[in-house]
Amino acid sequence: MKITEIKVIIASPGRNFVTVKIMTDEGLYGIGDATVNGRELAVAAYLTEHVCPILIGRDPQMIEDIWQYLYKGAYWRRGPITMAAISGIDIALWDIKAKAANMPLYQLLGGASRDKMLIYQHAGGLTIEETVEGVIALREKGLEAIRAQVSIPGLPPIYGTGPNVDQLTAGMVQARPVEEVWATHKYLPLIPKLFERLRDAVGWDLHLLHDTHHRLTPIEAARLGRDLEPYRLFWLEDPVPAELQEGFRLIRQHTTTPIALGEVFNTIWDCEKLISEQLIDYIRVTSVHAGGVTGLRRILDFASIYHVKSACHGPMDISPVAMGANVHVDRWVPNFGIQEFSGYLEATHEMFPHSWYQQGGYLYSGEAIGHGVDIDEKIAAKHPYVQAYLPVARGTDGTMGSW
Ligand code: GCO
Ligand code: MG
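Notes on the structure in this doc start here. (Residues numbered from 1 in each chain as written. Chains lettered and ligands numbered in written order. Predicted model: local features only at pLDDT ≥ 70, side-chain atom pairs only at ≥ 80, totals over all residues. Heavy atoms only, no water.)

A separate point is the packing of helix α11 (residues 292-305) against helix α12 (residues 320-332). The interhelical angle for the contact between α11 and α12, taken along N-to-C directions, is 35 degrees, at an axis separation of 11 Å. Regarding α11 and α12, the two cross each other, and that crossing is right-handed. Contact residues: Val293, Leu296, Arg297, Leu300 and Asp301 in α11; Ala325, Asn326, Val329 and Trp332 in α12. Class assignment of the residues belonging to the contact of α11 with α12 gives a composition of six nonpolar, one polar and two charged. (Axes fitted to C-alpha atoms, helices over the stretch in contact; angles between N-to-C directions. Helix = DSSP H or I, 4+ residues; strand = E, 2+ residues; numbered from the N terminus. Left-handed = near helix turned anticlockwise from the far one by under 90°. Contact = heavy atoms within 4.5 Å. Nonpolar A, V, L, I, M, F, W, Y, C, P; charged D, E, K, R; others polar.)

Here's what the structure looks like:
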């Protein structure tokens, strides 16, 4: 089998996605996701200028060799743009291999370890009561795990708390990032109050999660983790930016609140210490950013030795293609924890026909051959790229912080 053509499709069915389509001389094709939210065109150029031309004529069945060729062969290792490009190719190659084997991808990976994948979705509000209502509404839809976020009183809505940004900004050009305001000293005492109220309202059966989105220092995170202990969270996510992996030792010394981390990680080297020192409980790497199915599987296998469970990143900017790859890995991986699934806009569903589906609090892989996700290129052509950025966050004095 030979690769004959690789298309890089940039389309914005409500938000931007970069999709890879690899064609072969045997008529089989594979689809991959290479989206990096807010930096889409950089990955697309990396692929079209530097990756696609050198793969034409190669055997698509040699997935590991192609992965190493793109990783080691670039000389400039790691990094989100390189790794998203490798991921897009890798996901498409696994799709082709599974199609050639006439199997759903999870079968090729080793077969099903479970029938359905526990998911969590997001509830947010401008006030604690609004968030409580959001959590109750999701529970009524059958969700068993829910992430809860709330705005800081007196400040404009922050990450995960305002009206759904994706619905609001669908198709709108954004010339520069929105600026949000952040105040740690107001946030830290607020969040335990949210979860105290939530436990009163929903009891103890529901899994509750919270995302700090990299905004604290280790000692602040240790304090928050400790203050949240009475409410038994499923996890506290991204409490601190993780470039300094040893910073998490401090958090661990002070709290038993489980820690989830890794949605911005690209390789095993970004989390090697965090995992081997058992400084985290859930690893949030995802197929589109951590080297495709090949990279994801390697990290999750490594994590299994240290009792760290999988929790693939799955917001709206992870396309339905990467979601398909994640769901097949999830179906197989022995150390599965949970899958994030924030759902998609209708236009996104239409552009990416997929065999995975949600029912209540679970995702199901479906039994389609390959990873089961396709792209409708005619629909994609109707949704051209729209300039858009992720927001940034500043302290109340204007200091740039982590968003
Ligand atoms: C999450 C994440 C996302 C990111 C987004 C950035 O936990 O789902 O924090 O919401 O902010 O993916 O592109
Ligand atoms: Mg997050």
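There is more to say after this.
Moving on: a nonpolar patch on the surface. Together, Ile10, Leu41 and Tyr385 give the surface a local cluster of nonpolar side chains, amounting to about 220 Å² of exposed area. Turning to its location among the elements, Tyr385 is positioned in the loop between α14 (377-381) and β15 (392-395). (Patch = residues over 30% accessible without salt bridge, like charges linked within 9 Å, V, L, I, M, F, W, Y side chains within 5 Å. Areas by Shrake-Rupley, 256 points an atom, 1.4 Å probe, with all protein chains shown as cover. Salt bridge = Lys/Arg side-chain N within 4 Å of Asp/Glu carboxyl O.)

Further remarks concern the site of ligand 1. Residues in contact with ligand 1 amount to 14 residues; listed here are only the nearest, Asn37, Tyr159, His213, Glu263 and Glu340. Arg147 places a side-chain nitrogen or oxygen 3.4 Å from an oxygen atom of ligand 1. A distance of 2.6 Å is found between an oxygen atom of ligand 1 and a side-chain nitrogen or oxygen belonging to Tyr159. In isolation ligand 1 offers 340 Å² of accessible surface; the protein chains occlude 90% of this area. (Near = heavy atom within 4 Å. Polar contact = N/O pair within 3.5 Å; in protein donor to acceptor, adjacent residues only side chain to side chain.)

Time to look at the pattern of salt bridges. When the charged atoms of two side chains with opposite charge come close together, those side chains can pair. Considering all chains together, one arrives at 17 salt bridges under this definition. Linking Arg223 and Asp227 is a salt bridge whose minimum nitrogen-to-oxygen distance equals 3.0 Å. Linking Arg223 with Asp227, this pair stays in helix α8 (residues 218-228), spanning four residues, or about one helical turn. Using a relative accessible area of 43% as the deciding quantity, one classes Arg223 as partly exposed. Glu277 is the salt-bridge partner of Arg249, the closest N and O atoms lying 2.8 Å from each other. One end of the pair, Arg249, is in helix α9 (residues 247-254); the other, Glu277, is in the loop between α10 (272-276) and β10 (282-283), with 28 residues separating them in the sequence. Accessibility expressed as a relative area gives 35% for Arg249, which makes it partly exposed. Under the relative-accessibility criterion, Glu277 is labelled partly exposed at 32%. Residues joined in a network through salt bridges with shared partners are Glu237, Glu263, Arg284 and Glu340. (Buried < 20%, exposed > 50% of the residue type's maximum accessible area, 1.4 Å probe, protein only.)

Taken together, three strands build an open sheet; the order of strands is β1-β2-β3 and the sheet is antiparallel. Where the open sheet ends on each side, the last strands, each with one partner, are β1 (3-11) and β3 (29-33). With strand direction ignored, the average angle separating the axes of adjacent strands in the sheet is 20 degrees. Alignment of β1 against strand β2 (residues 17-24), held across eight bridges, turns out to be antiparallel. Pairing of Glu5 across the sheet is with Met23, part of β2. Packing against the sheet, helix α3 (residues 80-100) makes contact with β1, β2 and β3, and its axis sits at approximately 145 degrees to β3. (Pairing = 2+ DSSP bridges.)

Around the magnesium ion (ligand 2), the protein supplies Asp211 (OD), Glu237 (OE) and Glu263 (OE) as donor atoms, at distances of 2.0 to 2.2 Å. Every donor residue of the magnesium ion (ligand 2) comes from the same chain, spaced as D-x25-E-x25-E. Here Asp211 is found in strand β7 (residues 207-211), whereas its partner Glu263 is found in the loop between β9 (259-261) and α10, with 52 residues between them in sequence. For the pair Asp211 and Glu263, a shared accessibility class is recorded, and that class is buried. (Donors = N, O, S within 2.8 Å, 3.2 Å for Na, K, Ca; no water.)

Bringing the layout of surface pockets into the picture now. A volume near 210 Å³ is recorded for the second largest pocket. Lining the second largest pocket are 17 residues; nearest its centre among them are Trp182, Thr184, Arg215, Gly401 and Ser402. Mapped by element, the contributors of at least two residues to the lining of the second largest pocket are α7 (184-202) and β15. Top contributing element to the lining of the second largest pocket by residue count: β15, with three residues. For the lining of the second largest pocket, the per-class residue count stands at five nonpolar, nine polar and three charged. (1 Å grid on protein atoms, 1.4 Å probe; cavity = no way out; pocket = protein on both sides within 12 Å on 5 of 7 lines; lining within 4 Å. Points joined across faces, edges and corners; volume = space filled by probe spheres on them.)

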